[in-house]
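# Coordinate inspection notes
Now for the letters of each chain:
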Amino acid sequence: MPFFARSDRNPSRRDFLQGVGAAALGSSAAAALLGACGKAPLRDFSGDLGPMEKRLNLYLWSDYLAPDTISGFEAEHGVAVTLDTYESNEELAAKLLAGATGYDLALPSSSLFPLLRGRNLIAPLNRNYLSNIGNLAPLFADPVWDPGTEYSVPWGWGTTGIAYRKDRLPSAPDSWGVFLDPTYRGKMTMLDDARDVIGCFLRYRGHSINSVDPAQLAEAKQDALAAKPNLRAYASAPVKPQLIAGDIWLAQMWSGDAAQAMAEQPEIGFVVPKEGSMIFADALVVLRTAPNPRAAHAFLDYVLRPEVAAAVADATGYGTPNQAAQSLARYPRPYPSPAELERLEYQRDLGAGVELWDRIWTEIKAA
Ligand code: N2P
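Attention in this report is confined to the structure presented alongside it. Quick caveat, the model's predicted, so the values are computed rather than measured.

This brings us to unusual backbone geometry. Phi at Asn 120 is positive, roughly 60°, even though this residue is not glycine. Position of Asn 120 among the secondary structure elements: in the loop between helix H5 (113-118) and strand E4 (122-123). Here the phi dihedral of Thr 149 falls at roughly 45°; this positive angle occurs in a residue that is not glycine. Mapped onto the secondary structure, Thr 149 falls in the loop between helix H6 (138-141) and strand E5 (152-165).

Below you can see the structure in the form of structure tokens.
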């Protein structure tokens, strides 16, 4: 059953079309936005892109590649690749909105897509250079955030849940409420991400992860503040080594990062709590200021190859949107069943509610 497809008529999914836009931003990004002004030329890549450049500059989520993804591309095309990484959509947005240039490709979550598109930071893809675009699964070829994949090449999808140490806990956690329980004080972390932290406590109280109701948000804030003394830190991908070492026993985590940790430490499990959670997709985009658009398109076409996409999926633990890669993956991750989707929500635009969310997250972090 399609779940990212635009043709999907489920209202909660249709709403996702509106995206989250500025909702993905915290105060730092909002401040950067005020100072943003395009100095590098905003290019259009619809024509002949000329010869392959010698360089390619990537700006991606950390831990989201196979070990040989970049070296394979470099060897094949004689292009030297640089890789910078970020740990949150907020970090990516802040950098791009502040006018960072030099990057060719970035990898936002779909929830950030409306903002990047709205600010004219990303360029339509030149399909003349994307011979492998047909390898995408139909449900990702026409996604809600980018109809017809005009601007983006879907890369991976996943869910937010709880990774835990089976050898340290008597049973699997089944509720977001575990972070409120002082039993494991100092042995727990939550994601460094407002939408995930506040969103999970909204679900815990039976509300939508997209709520902008002040009373509901006040409840979620109370829960987050009550949980905070129990946490070692707010940390995203970098918490994996501590979980593997056994210093952390419970971590709010994205499914792929949890799978990466599980591959190294069999005593780690991963659950989506009974109250429900979030589902997301991340997609590659070409920046308007890309200095190497020909190499950027060559990289997109390279990662659209089934064997390259399958290797990424196997190495990262995220689901692949590449249909042709599904059967090649050693660890195929089937798309969520309709029953699972009942419990998973997309992050939507918070509208004017973003200011309240931003204030609450700032207060939680400062407490
Ligand atoms: C990779 C994190 C990716 C995904 N480390 C969050 N959308």
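Tracing the sequence through the fold places Asn 322 in the loop between helix H12 (306-316) and helix H13 (323-326). We classify Asn 322 as buried; its relative accessible area is 3%. Within the structure, the side chain of Asn 322 is placed 2.8 Å from the backbone oxygen of Leu 304, a separation counted as a polar contact. Setting aside residues no more than four positions away along its own chain, Asn 322 makes contact with Asn 135, Leu 136, Ala 137, Val 303, Leu 304, Arg 305, Pro 306 and Ala 309.

Turning our attention to the packing of helix H7 (residues 194-204) against helix H15 (residues 354-366). Where H7 meets H15, the axes come as close as 10 Å, and the angle between the chain directions of the two elements is 95°. One finds that H7 runs roughly perpendicular with respect to H15. For the pair H7 and H15, the contacting residues are Ala 194, Arg 195, Val 197, Ile 198, Gly 199 and Leu 202 in the first and Trp 357, Ile 360, Trp 361 and Ile 364 in the second. Tallied by class, residues from the contact of H7 with H15 come to 8 nonpolar, 1 polar and 1 charged.

Within the element layout of this structure, Ser 88 appears in the loop between strand E2 (80-86) and helix H4 (89-97). Overall, Ser 88 belongs to the buried group, its relative accessible area being 12%.

Moving on: the pairing of strand E10 (residues 277-287). Burial within E10 is extensive, with 11 of its 11 residues counted as buried. Of the pairings in the sheet, the one linking strand E3 (residues 105-106) to E10 comprises 2 bridges and is antiparallel in character. Across the sheet, the residue bridging to Ala 106 is Val 285, located in E10. Pairing geometry for E4 and E10, over 2 bridges, is antiparallel. Looking at the pairing, Ala 123 lines up with Val 286 of E10. As judged from the 7 bridges shared by E5 and E10, these two strands associate in the antiparallel manner.

What counts, and at which threshold
- Residues numbered from 1 in each chain as written.
- Predicted model: local features only at pLDDT ≥ 70, side-chain atom pairs only at ≥ 80, totals over all residues.
- Heavy atoms only, no water.
- Helix = DSSP H or I, 4+ residues; strand = E, 2+ residues; numbered from the N terminus.
- Buried < 20%, exposed > 50% of the residue type's maximum accessible area, 1.4 Å probe, protein only.
- Polar contact = N/O pair within 3.5 Å; in protein donor to acceptor, adjacent residues only side chain to side chain.
- Contact = heavy atoms within 4.5 Å.
- Axes fitted to C-alpha atoms, helices over the stretch in contact; angles between N-to-C directions.
- Parallel < 35°, antiparallel > 145°, perpendicular 65-115°, else oblique.
- Nonpolar A, V, L, I, M, F, W, Y, C, P; charged D, E, K, R; others polar.
- Pairing = 2+ DSSP bridges.

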